[in-house]
Structure formats: structure tokens, C-alpha cells
Amino acid sequence: MILALLVTAALTALLAATLLLPAQLSAAGEARLIERIDALLPQTQCGRCTFAGCKPYATALARGEADINQCPPGGPSTMIALAALLKRDARPVDPKFGVVPEVATVAWIDEPACIGCAKCIQVCPVDAIVGASKFMHTVIAAQCTGCELCIPPCPVDCIEMRPAAARA
Amino acid sequence: MLLHSHVRGGLQLVGHKRRSAASVRIAAAPAEVILALDQHTGLPAIALVKPGDAVAMGQPIAQPQSDISAWVHSPISGRVVAIEPRPAAHHRGELAPSIVIANDGEDRRHPANAPVDFASMDPLELCEHIARGGIVGLGGATFPTAAKLLQARACAHIHLILNGVECEPWISCDDLLMRERAHDVILGAHILCRSLGAAKCTIAIESDMPEARSAVRAALASDTASNIEVASVPSIYPAGGERQLITTLTGQEVPADGLPSDIGVVCQNVGTAAAIARWIRDGEPLIRRIVTLTGSGVREPVNVEVRIGTPLAQLIEDAGGYQQPIAELIMGGSMMGKTLPHDGVPVTKGTNCVIAATAADFHERGTEMPCIRCGNCAEACPASLLPQQLHWYALGKDLDALESHGLLDCIECGCCDYVCPSQIPLTQRFRDAKPALLETVDSRTRANDARLRFESREQRLTRLEAERRAKLDEKRKAFKDAR
Amino acid sequence: MKLATPPAPHEIAPNSVGRVMRLVIYALVPAIVMHVVFLGPGLIVQILLGVATALATEALALQLRRQPLWRFLSDGTAIITAMLIALCLPPLAPWWLVVSGTAFAILLAKHLFGGMGANPFNPAMVGYAVLLVSFPAQLTQWLAPNISGLQTVHLGFGDVLQTIFSGELPARLTWDAVTSPTPLATLRTQLALGQTMQEVRANPVFGILGGRGWEWINFATLVGGIWLLAMRIIRWQIPVALLAGIAVPAGILYAIDPGSYPGPIFHLTGGAAMLGAFFIATDPVSAATSDRGRLIYGAGIGVITYVIRTWGGYPDGIAFAVLLMNAAVPLIDRFTVPRIYGHPP
């Protein structure tokens with residue numbers, strides 16, 4: 001009887017160890033987790049989450065330094081996917097990081113008003129604006145993620161957001 | 001010719017084709033034709049004429065809008081009445097912008113359309129000339145033929161397959177075409193081979209079409225070039241599906257996210273080949289085609305050569321009218337054809353068959369029951385999918401599982417529906433689930449693109465910064481050394 | 001003109017769940033006939049009781065779940081469940097055995113999980129397993145087959161009815177006189193007593209291939225099963241894999257030590273091997289999905305059955321083997337998705 005109790009206790013301890021110990025991630029494990037989190041993010045690279053792009057946000061999430069509700073372009077679906085992956089409670093996207101967009105939007109440059117200063121080209125995180133200094137600028141709509149980082153730098157306010165065309 | 005592999009899955013269906021086996025009748029040109037501008041895959045054509053213009057038979061009246069688009073020609077001579085939305089079959093009776101032309105009865109030919117000597121033409125020029133004939137795939141997909149040829153030309157060693165495997169029940173237009181106009185098909189094969197630089201051509205004919213086979217063989221016997229052969233394919237539905245046919249004949253599979261040209265194969269319908277022959281040899285662009293008119297609702301099932309744009313109601317009336325009240329009007333075959341709410345739509349380039357079906361023609365579908373997981377659907381699926389699981393995941397809207405189980409590989413052939421004892425409308429369920437999945441896949445592709453562009457930009461900026469620092473360090477060093 | 005516009009496809013085979021189940025019932029008829037010939041008319045009473053209970057319980061469950069009554073009652077799935085349970089019970093079993101087993105199967109194993117098409121476990125086997133575990137004594141009271149030399153007492157139809165409905169034998173009989181262990185049970189006890197296989201086989205209970213009388217019942221089940229295969233109601237993967245799963249280990253152990261282990265033919269003609277292979281394991285709802293998955297599923301049931309028969313605590317292991325493999329089906333399905341056309345292997 002004592003033997004049975006001892007064996008059961010030992011098995012329990014062994015199983016508990018296998019379940020609980022791997023909670024500490026190795027460096028390689030962390031890199032894999034960051035990749036998996038990054039794969040769920042929308043890659044808008046807008047910085048609304050307060051990090052300089054989606055990968056830095058993913059890194060912060062993996063290290064527990066950020067919350068899952070900081071991504072407005074990802075919206076509720078991304079937050080739910082992150083909650084499932086990281087085993088945290090789901091909660092609505094925090095409005096202090098921005099408004100969840102209703103429709104996908106892309107930037108559009110009013111070409112007659114553009115002065116060719118190239119300020120917007122420098123800030124576009126995905127190089128979706130074509131142009132050069134004193135040459136016409138235009139947005140490649142198919143590559144624009146709708147991050148809106150190009151709007152503040154424009155000195156003549158000639159960039160606006162328009163609803164993205166329906167994909168074929 | 002020996003087949004390389006058997007047909008996977010599929011069904012033996014009753015063909016109902018003997019009924020319409022009489023020779024092709026030429027229909028009289030209608031009083032008015034209605035030509036939709038988007039009756040081909042790709043972007044709609046742009047009208048070149050305006051109301052009031054006089055047009056000749058074969059005159060181009062709309063030009064392609066982009067690379068994947070097609071010319072539209074007037075099938076009759078007369079006057080443009082209107083350019084306005086009209087009910088269209090490929091929109092299930094909903095409106096589509098169309099050019100309406102009234103017939104002056106003279107069939108005046110467009111003088112600029114002339115035959116060409118394809119054998120001496122540059123292959124690229126030949127492709128572009130085929131485009132100007134408004135030729136699209138006549139097997140039902142209506143893909144602009146020239147676009148397909150131009151894309152495929154880049155591959156070496158192309159094997160051309162002419163699809164005469166009319167596997168869907170009720171349709172017999174290709175059968176009759178091959179029986180009566182085999183020479184057109186052979187000429188079309190030669191033209192296509194030249195435009196593609198293809199060394200080999202196989203004409204695939206279903207095994208239950210012996211008359212068509214002998215007609216094509218007879219036409220080949222008097223043909224000088226020897227690079228065309230005839231292959232007999234088992235009469236299993238859907239052996240004539242492009243991917244299934246390619247695998248049956250060559251043993252290779254078309255990659256899921258690729259095209260037949262990726263494995264050096266180009267597939268064209270025999271009707272398309274015949275239309276190309278007419279354009280090259282006679283200077284007549286695609287303005288008419290053979291349509292099977294069948295079903296118990298018409299007086300006599302028949303194959304008719306009609307002008308594109310002929311109103312369906314007139315076509316049926318000329319064939320003797322409705323014999324009894326019909327339950328369904330189907331444009332296409334009985335497995336993949338679309339039902340129409342009324343007959344006030346015109347024939348388009350893609351109309352291969354019209355079934356005026358009475359209640360007796362099809363077994364009635366029972367009430368839908370839950371899936372009993374019997375596996376009949378998986379056995380019948382020609383794409384080796386598990387429709388049972390797809391149904392389960394479609395109900396649960398599990399997009400990841402739908403994608404990994406191959407929802408986007410479904411060719412919507414309807415075999416799974418046919419065998420399901422629970423009478424579940426599987427094909428429609430998959431059709432409904434595809435848009436949401438396509439959107440997810442699309443946004444994932446775009447996100448990946450954005451990630452790559454972001455990363456390469458970061459690398460570029462880091463590199464520029466490093467170069468700038470290196471230059472500054474050099475300058476500082478040079479300044480120190482100079483002192 | 002205004003026509004209805006249903007979506008494609010417009011052709012459909014004249015098939016239905018009711019037709020599938022009807023053909024399964026017809027395929028069971030040879031087995032039932034042989035059963036009655038050798039073990040008396042008790043089976044008929046059990047089947048009638050079972051079917052009545054099944055339909056009544058299903059009607060109750062459908063009512064509670066607010067589902068259409070006639071549509072689901074007429075599909076025949078409940079009838080099959082009842083027939084399979086009845087075939088697994090001794091012909092003289094008291095009426096409340098088949099009634100409680102069938103009610104449990106329909107209510108808990110089928111409708112509680114979502115009804116038709118949603119049960120992860122084979123309802124007939126769940127019902128039978130519950131009875132086997134709860135009332136082991138009653139389930140061992142099998143009759144001796146109606147063959148001269150084996151059966152000493154004759155029971156009329158009136159005696160049978162009386163026994164089933166009262167739970168007691170007619171006054172002139174005792175259970176010892178009437179019942180006889182099944183061939184598999186006999187094999188088990190004799191081997192445990194230290195006899196060799198040759199000595200066991202010499203027992204008059206055994207005939208050419210397996211237990212006398214029982215080998216005929218299994219043969220009739222096989223005939224029905226082959227007919228079902230020919231009608232394409234079931235596919236060959238599960239029956240062949242299951243029978244192989246029993247026969248192969250049996251053959252190996254028989255080759256090593258013929259004195260202690262019966263051969264494969266003996267195993268295949270004894271117990272519920274044929275019934276399990278063609279009628280029980282082939283229940284499509286609780287079986288694996290793909291062809292490869294079905295082979296693994298069938299083989300698993302066969303091997304587990306052999307293990308239970310040889311080293312486990314019950315003479316026949318089909319019921320528990322089926323239930324264990326039902327639990328493994330989601331895992332099997334996950335790893336046996338067939339390669340889709342055009343996708344890399």
C-alpha cells in the first residue's frame with residue numbers, strides 16, 4: 001500500500017515536471033514564438049501599438065512586455081488569435097491605440113497639389129510611394145497597408161486615405 | 001494511344017446525348033441580337049460603336065480593355081439600336097451592359113476581315129491575330145484564347161491537348177462538331193501548334209463518341225503533318241475537366257497554385273480550335289457557335305449553329321417551342337450548368353447547351369439530412385478532397401481547416417452532391433464558403449508582401465546609416481592624419 | 001416566365017439514408033435466420049423489443065430536441081442499432097436487458113452527442129458494453145446450439161416468451177440444463193484449466209472450423225457482409241483490415257505455439273468477428289474518414305479484439321475494441337488526410 005502511494009506520488013511529480021518546467025522559453029523557443037506572433041499580425045507597420053513595426057510588437061508580446069489589445073488595424077480577429085496563441089484573456093482593442101478601421105483604406109496623393117518634397121517617401125514603412133525629389137509622387141495602392149504614417153509629414157496636406165478597391 | 005493514368009473518382013452518368021444526335025441545323029439569324037460586353041473571363045470589352053451606327057457582319061464593335069479581355073464582333077449586319085443594361089445568362093438573368101443591334105437581313109460582311117496564311121506568319125503575330133478574332137474558350141470558361149497562348153508561349157516543348165471529352169451529360173455540341181467539321185478542328189490544331197511552337201498535339205475524345213472519333217481519324221488520314229494523334233478517354237464524368245484530362249493523358253499533375261503551362265501543356269476545346277480555323281481560313285471572327293438544345297421540354301432535342309446574341313426564347317421557338325411546362329431552364333450541362341429565371345436572355349460565346357428540363361428529367365432532391373460520414377463523396381471526388389470534412393468545417397466556418405483540406409482546389413464538378421445519401425447540397429456549400437477563404441488567403445499574401453518590403457527597407461536604411469558612419473569616420477581619420 | 005433557380009448540380013442519384021439502412025437490414029437477414037435455426041426464436045423477440053424501444057426512445061429524444069419526428073424516425077438508423085444489440089445478447093435474456101441497453105444507446109450514445117451523424121461512439125456497442133459491465137451474469141446465459149449431441153432440452157416458443165418476459169425459466173427447467181457457454185468462453189476456461197488446443201478442439205462443442213452452429217451463424221453474417229460490399233454500401237477497407245487484424249496475430253501465435261493458441265480460422269468463425277467486421281465497425285458515423293484511416297481503424301479493432309480474447313478479461317473483445325478505436329478516430333483522421341490533386345506529397 002505504501003509502495004503504491006509512493007509510486008503514484010512519483011508519477012505525479014514526473015508528469016507535473018514535464019508540464020510545468022517548459023514554461024521557461026529558451027532563446028530558440030522565444031525566436032519561434034516571435035515568428036508565430038508576427039504571422040498573426042496584419043503587417044501594417046503603422047506603429048500605433050507604440051512599437052516601431054509589427055516585429056518589435058511581436059517581440060514585446062513574446063516577452064510579456066505588451067498587451068494583446070494594442071493593434072487597431074488587426075482588430076478583434078487579431079486580438080482573439082493572439083489571445084488563443086498566448087493563452088491570455090481576450091479583451092477589446094484599447095481605443096487609446098487607435099480606432100479599429102471599418103473598411104480597408106489606402107493612401108492617395110492628389111498629384112496636382114504634390115510639390116515633390118519626398119518627405120512621405122522617406123516615412124513609408126513598406127516603400128509603397130514611388131517618386132523622387134521634385135518629381136511626381138504616387139502611391140502604389142496594391143502595396144499600401146493603410147498605416148497613415150505618410151499623412152503628417154506632407155507639408156501641403158495632399159495625401160488622404162480612400163477606401164481600398166475591392167480585390168478581384 | 002495509351003492513357004497514362006486512370007480517371008480518379010468521378011461518376012458514370014447517363015448521357016442523354018443520343019436524343020440530340022441529329023446533324024447540326026443552321027439557325028436563321030434573329031431580328032435582333034444582344035451582345036453583353038462581359039461575356040468572357042477578364043475585364044469587360046469597351047464599346048467602339050454608339051447607337052445609330054451601321055455595322056457589318058463580323059465588324060469589331062467592342063475592344064479589349066486589358067490583356068485579359070476580348071474583342072466582340074457583330075454577328076449580323078444592321079444598325080446599333082442601343083447600348084444599355086440587358087438581362088444576361090451569365091448573370092443569372094440580372095442586367096449586364098450590352099450592345100443591341102437590329103438585323104437588316106443582308107448579312108453584309110465586314111470588308112477588313114480577310115483570311116491569312118498562318119503558316120508563313122510569325123507565331124507571336126499569329127497569337128495577336130487570333131486575339132483580333134475575339135476567340136475565347138468555347139468549352140464554357142470563355143477565357144481569352146490569345147492571352148492563354150501568349151502566356152504559354154514562354155515554355156519550350158509544349159504539348160497541345162484538344163479537349164473533345166464532352167463528359168457532362170446532355171451536352172453534345174462538341175460531338176456533332178467533330179462528326180461534321182473534323183477538318184476545321186484539325187486546321188485549328190495546326191494553327192494553335194504554330195502559334196505555340198508546339199511539337200505534339202493530342203485530340204482527346206470520349207470513348208462513347210465513336211462517330212466523332214472515326215470522323216477525326218478520317219480527317220487526319222488526309223492530313224500531311226503527323227504530329228496529331230487521337231486519344232480515347234473513358235466516359236467518366238468529369239474526365240473532361242482540364243486538370244483531370246491532362247493527368248489522364250500525360251500522367252503529370254498540374255500544380256495546385258499553377259497553370260497547365262507550368263508543366264508544358266496547353267488545353268483548348270475543340271470548338272475553340274474550329275473557331276480559330278474559321279477566323280484564319282475564312283476571315284470570320286467568333287460570331288456563331290453550335291449550341292445543344294435539349295431536355296424533355298423542347299419538341300426535338302437538336303444541335304443548332306446560332307449567331308452569338310440570339311435571344312434564347314427565339315432559339316427555342318425556332319426549334320418548335322416548348323412541348324410541356326418546364327421545371328428548370330439550364331444553361332450548360334446538368335452538373336455544372338446555371339439555372340435561368342426566364343428565357344429572355346441571349347446566347348453568349350460560352351453557351352454550349354440549353355436544357356429545357358421538365359420534372360421528369362431529373363430525380364428530385366430530397367430534404368437535407370445530417371451527414372452520416374459514409375465517404376461516398378470522397379470516393380467520387382476527382383481532386384482527392386474529403387468533401388465530408390469540408391462540409392463539417394464549412395458549417396463551423398473554420399477557415400484554416402478549410403484551407404488545409406483544399407477548399408480552393410474544389411472544381412465544383414458536383415460529383416459529391418450526386419452520391420450523397422443525405423442529399424446535402426455540398427457544392428453550393430463550398431461555393432458559399434470560398435469567398436471568405438479567398439479573402440483570408442488574399443490578405444495573408446498582402447501581409448507577407450508588406451512584411452518583406454518592410455524588412456528590406458529596414459535593411460536598406462541600416463546599410464545607408466552604416467555607410468554614412470563609415471564615411472564620417474574616414475573623414476575624421478583623414479583630418480586627424482592631416483594635422 | 002418565372003422559373004426556380006436552384007444551384008448546380010441538377011442531377012442526383014436516387015439514394016437516401018433510408019435506402020442505405022434498409023440494405024443493411026436486408027444484409028443482416030441471413031445471420032438472423034441462422035441464429036434462429038441454431039439458437040431458437042428468442043432472437044426475434046429480442047429484436048422486436050429492441051426496435052420498439054429504439055423507436056420510442058428516439059421519438060422521445062427528437063421531441064425533446066424539437067427536431068422533425070418522421071424524417072429522423074424513418075431513416076432506419078435506430079432500427080439497426082436495436083438489431084445489433086439484440087444480436088449480441090443471449091436469446092433468452094430478460095426483456096429489461098435489451099430495453100435498457102437500447103434506450104441507453106439511443107438516448108445517451110446518440111442523441112446526447114447531437115443525434116444522427118454526430119455520435120463519436122458506436123451506439124450499439126455503447127449499449128452492449130454498459131449491459132456487459134452491469135449485468136455480466138445474464139450475458140453469459142447463452143444457449144447450446146440446436147444440434148444433436150449438444151442440446152439436451154427443447155424449448156418451445158411459449159417457453160421462450162415466458163422466460164424473456166418473466167426473467168425466470170419455466171418450472172421444469174434449470175439454467176444449468178438450458179445454457180451452455182459460447183465456444184469462445186469454453187475455449188477460455190479450458191485453456192485456463194491447462195488443456196492444450198488439441199484437447200480443447202476435441203470437445204464436441206467445436207466443429208470443423210470453429211464452434212458448431214456458431215460457425216454457420218458467422219458464415220451467414222459473412223454472406224450478408226459480402227452482399228453489402230457488392231452493393232457498395234460499405235467499403236472493403238474496414239472489414240478486411242479488421243479480419244486481418246485478428247487473423248494475423250492469431251496466425252503468428254498459432255505458428256509459434258499451436259498447443260496454446262487457436263488458429264486464425266477459429267477466431268474468424270467465433271464470437272462477433274464477422275458481425276463486427278461487416279456491420280458494427282463499418283458504422284460510418286463513428287469510423288475513420290479516409291481509406292487509409294479506415295485501414296488503420298479496422299486493423300486496430302482487430303488487434304485489440306485479439307488481445308482481449310487472448311489475454312483480457314472477456315471471451316470476446318469486439319465491443320471494447322470498437323469503442324477504443326472510436327476514441328482514436330480524430331487522431332487517425334488528423335494523420336491520414338489524403339494528398340490533394342496538384343499538392344506536393
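Residues numbered from 1 in each chain as written. Chains lettered and ligands numbered in written order. Predicted model: local features only at pLDDT ≥ 70, side-chain atom pairs only at ≥ 80, totals over all residues.

## Things to note about the overall build of chain C
Then, number 1: Scanning chain C from terminus to terminus reveals 16 helices and 0 strands.
Then, number 2: Along the three orthogonal principal directions, the C-alpha set of chain C runs to about 80 × 50 × 30 Å.
Then, number 3: Of the contacts formed within chain C by residues at least 6 apart in sequence, a portion of 75% connects residues at least 24 apart. (Helix = DSSP H or I, 4+ residues; strand = E, 2+ residues; numbered from the N terminus. Contact = placed C-beta atoms within 7 Å.)

## Regarding the packing of helix H2 (residues 42-64) of chain C against helix H4 (residues 77-88) of chain C
All names here are of chain C.
Then, number 1: Interaxial distance between H2 and H4 falls to 8 Å at its minimum, and their mutual angle equals 145°. The two elements H2 and H4 cross, and the hand of that crossing is right-handed. Judged by residue contacts, Leu43, Gln46, Ile47, Gly50, Val51, Thr53, Ala54, Leu55 and Glu58 of H2 engage Ala78, Ile79, Thr81, Ala82, Met83, Ile85 and Ala86 from H4.
Then, number 2: The residue makeup of the contact of H2 with H4, split by class, is 11 nonpolar, 4 polar and 1 charged. (Axes fitted to C-alpha atoms, helices over the stretch in contact; angles between N-to-C directions. Left-handed = near helix turned anticlockwise from the far one by under 90°. Nonpolar A, V, L, I, M, F, W, Y, C, P; charged D, E, K, R; others polar.)

## Concerning the environment of Gly53(A)
Then, number 1: With respect to the helices, strands and loops of the structure, Gly53(A) is situated in the loop between helix H2 (27-40) and helix H3 (54-62).
Then, number 2: Counting along the chain gives 10 residues from Gly53(A) to Gln43(A), while the straight-line C-alpha distance between them is 7.8 Å.
Then, number 3: Gly53(A) has contacts with Gln45(A), Gly47(A), Pro125(A) and Phe454(B), leaving out every residue within four places of it along the chain.

## Quick word on unusual backbone geometry
Most peptide bonds take the trans configuration, and most residues that are not glycine carry a negative phi.
Residue and element names in this part refer to chain B.
Then, number 1: Here the residue pair Tyr237 and Pro238 is connected by a cis peptide bond, since its omega of -5° sits within 30 degrees of zero.
Then, number 2: Of note, the phi angle at Arg92 is positive, near 55°, even though the residue is not glycine.
Then, number 3: Position of Arg92 among the secondary structure elements: in the loop between strand S7 (78-87) and strand S8 (95-103).
Then, number 4: Phi angles above zero are rare outside glycine, and Lys397 is one such case at about 55°.
Then, number 5: For Lys397, the location among the structural elements is in the loop between helix H10 (387-395) and helix H11 (399-404).
Then, number 6: Classification of Lys397 by C-beta neighbours within 10 Å gives exposed; the count is 11. (Buried ≥ 20, exposed ≤ 12 C-beta atoms within 10 Å, placed from the backbone.)

## Here we look at the packing of H4(C) against helix H5 (residues 95-110) of chain C
Residue and element names in this part refer to chain C.
Then, number 1: Across the interface, H4 lies against H5 with an axial gap of 10 Å and an inter-helix angle of 140°. When the interaxial angle is binned, H4 and H5 end up oblique. The handedness of the crossing between H4 and H5 comes out as right-handed. Seen from H4, the contacting residues are Ala78, Thr81, Ala82, Ile85 and Ala86; seen from H5, they are Val98, Gly101, Thr102, Ala105 and Ile106.
Then, number 2: Classifying every residue of the contact of H4 with H5 gives 7 nonpolar, 3 polar and no charged. (Parallel < 35°, antiparallel > 145°, perpendicular 65-115°, else oblique.)

## Some remarks on the domain arrangement of chain A
All names here are of chain A.
Then, number 1: Domain assignment breaks chain A into domain 1 (27-97) and domain 2 (105-163).
Then, number 2: Relative to domain 2, the C-alpha centre of domain 1 lies at a distance of 27 Å.
Then, number 3: Each side of the interface is counted separately: domain 1 has 7 residues, and domain 2 has 7 residues.
Then, number 4: Classifying every residue of the side of domain 1 that touches domain 2 gives 2 nonpolar, 5 polar and no charged. (Domains from an automatic or database assignment.)

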